[in-house]
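Analysis of the macromolecular model
Residue-level listing of the chains:
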Amino acid sequence: MTSVDTLIHAGWIITVNAEKTVLQHHSLAIRDNLIAAILPTEQARAQFTATEELELAEHVLMPGLINMHGHAAMAYFRGMADDLPLMSWLNDHIWPAEGQWVSADFARDGTELAIAEMLRCGTTFYADNYFFAEATTNTIINSGIRAQLCFPIIDFPTNWAKTPDEHLEKGLALAKQFKGHEQVMVSLGPHAPYTVSDEPFRKIVAAAEEHDLLIQMHVHETQGEVDDGIKLHGKRPIARLQELGLLSPRMQCVHMTALDDADIKMIADSGATVVHCPESNLKLASGFCPIEKLQKAGVNVTIGTDGAASNNDLDMLSELRTAAILAKAASGNAEALPAHAALEAATINAAKALRLGDKLGSLEVGKWADVIALDFSEIESLPMYDPVSHVAYATSRNQVSDVWINGQRVLADRELLTLDVHAIAHKAKAWQQRIQEARNV
Ligand SMILES: CSC[C@H]1O[C@@H](n2cnc3c(O)ncnc32)[C@H](O)[C@@H]1O
Ligand SMILES: [Zn+2]
């Protein structure tokens, strides 16, 4: 008998490998932080002994979900400004609130709430764009989740830094501290083409190349952004970014609505990734990302929730379902973004964008053991002809029963093992009270 740390006997395993293999009555073995074996349950019982053995006969195992764009600490602004278009949401509500409230403590506590929500939704890796990222790293590490921290760079002063150069300096210090870290990856996070001028963009490109960092940015979020960009710079934002050297495989372009064929070709030729945030785009009436055309052009498409202040949740299962159904409505083609492709966008495509395709994003032997279990035992999951269909179209986040990251179990039967939910709820209510009292004055 071979000993492993964890042995999970599952009803189904959706591997999200290149062959799209779905296995029934198979088991997954974890040793240290890696997937040690995936094999028929009968063989697994004969071959392995485990420190922890789980019978999940009515569950599906699949790779952890990767939320490719958000602003974690903005969980504290959930529901604060609804039913508004992007620019008045930002100018009249969110930026004033950030000026008043955002600090290292706010970032740490708000991020902790967001991580708790994300783990309970099956998210094992999230990309964040927010101020005071350095104040969130202990929380990230202790919770067990993985994160890409895209530190903000913006022309105007923020509570974190006063100039674009100061944003860059502070962020690069963090990147140096976490170079090579397996849980925290630091990247550049310029805010948007309309808030960053050419000189900081040139420094961002130089820094990305010198320190080998990825870049994530809101791009083409609305038609208004494109129109204003043409008025100010005489060219569309994508063309401006290309001329400045930003479009490359390092680049993760978030939102990407209002694209014409030339924009799509430029993105495809550059090797940049698109991060589709369908629910935020729908709620702010920002526009539609043409993911079918992008995928046909060969672009790597991933999915993000955006922040809880514009979504208003961090639920990647619901996001991938919205992505799959919206792709059909937006393109007039019911075959656009089929179920398995939506799962890929939320897992392996994201891993590739993060340059972690050999370690993350699918359940394959030798990869990091970032695994989630979905409970299909209730009547809402019956009948089940195809587990992939159910994950994409008929599964809610309440069905996420267990989560392992790097081989460590962080959610057991919906209970968070690494975070104190009572303390998190207490802090969220205390912040809510402070913010609400100030709004009522
Ligand atoms: C530099 S990233 C942090 C910055 O971005 C703001 N933000 C949050 N959501 C959006 C969005 O959808 N479009 C543009 N900007 C957004 C956030 O409030 C921070 O100020
Ligand atoms: Zn955003």
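Residues numbered from 1 in each chain as written. Chains lettered and ligands numbered in written order. Predicted model: local features only at pLDDT ≥ 70, side-chain atom pairs only at ≥ 80, totals over all residues.

Here's the deal with the site of ligand 1
Not every one of the 18 residues close to ligand 1 is listed here, only the nearest: I94, N129, P152, H191 and H218. When residues of the shell around ligand 1 are assigned to their parent elements, the largest contribution, four residues, is made by helix α2 (residues 86-101). Residues that form the shell around ligand 1 fall into these classes: seven nonpolar, eight polar and three charged. (Near = placed C-beta within 6 Å. Helix = DSSP H or I, 4+ residues; strand = E, 2+ residues; numbered from the N terminus. Nonpolar A, V, L, I, M, F, W, Y, C, P; charged D, E, K, R; others polar.)

Brief notes about the pairing of strand β15 (residues 408-412)
Consecutive side chains along a regular strand alternate between the two faces of the sheet. Both strand β14 (residues 400-405) and β15 contribute to a ladder of three bridges, which runs antiparallel. The residue bridging W404 from the neighbouring strand is R409, located in β15. The hairpin turn running from β14 into β15, its antiparallel successor, is two residues long, and N406 in that turn takes a positive phi close to 55°. Bridge count for β15 against strand β16 (residues 415-416) is two bridges, and the pairing is antiparallel. (Pairing = 2+ DSSP bridges.)

A few points about the nonpolar core
Counting 137 residues, the largest nonpolar core has L28, L61, C253, L320, A342 and A346 as its most contacted members. Residues in contact with L320, not counting those within four places in the same chain, are I303, A342, L343, A345, A346 and A392. (Core = buried A, V, L, I, M, F, W, Y, C linked by C-beta atoms within 7 Å. Buried ≥ 20, exposed ≤ 12 C-beta atoms within 10 Å, placed from the backbone. Contact = placed C-beta atoms within 7 Å.)

What to know about the pairing of strand β11 (residues 273-276)
Here β11 shows a buried face lined by T273 and V275 and a second buried face lined by V274 and H276. Relative to β11, strand β10 (residues 251-255) is paired through three bridges, and the arrangement is parallel. From the neighbouring strand, V254 faces β11, where its bridge partner is V275. Taken together, β10, helix α9 (residues 261-270) and β11 form a β-α-β motif whose crossover is right-handed. (Right-handed = clockwise from strand over helix to strand, strands pointing away.)

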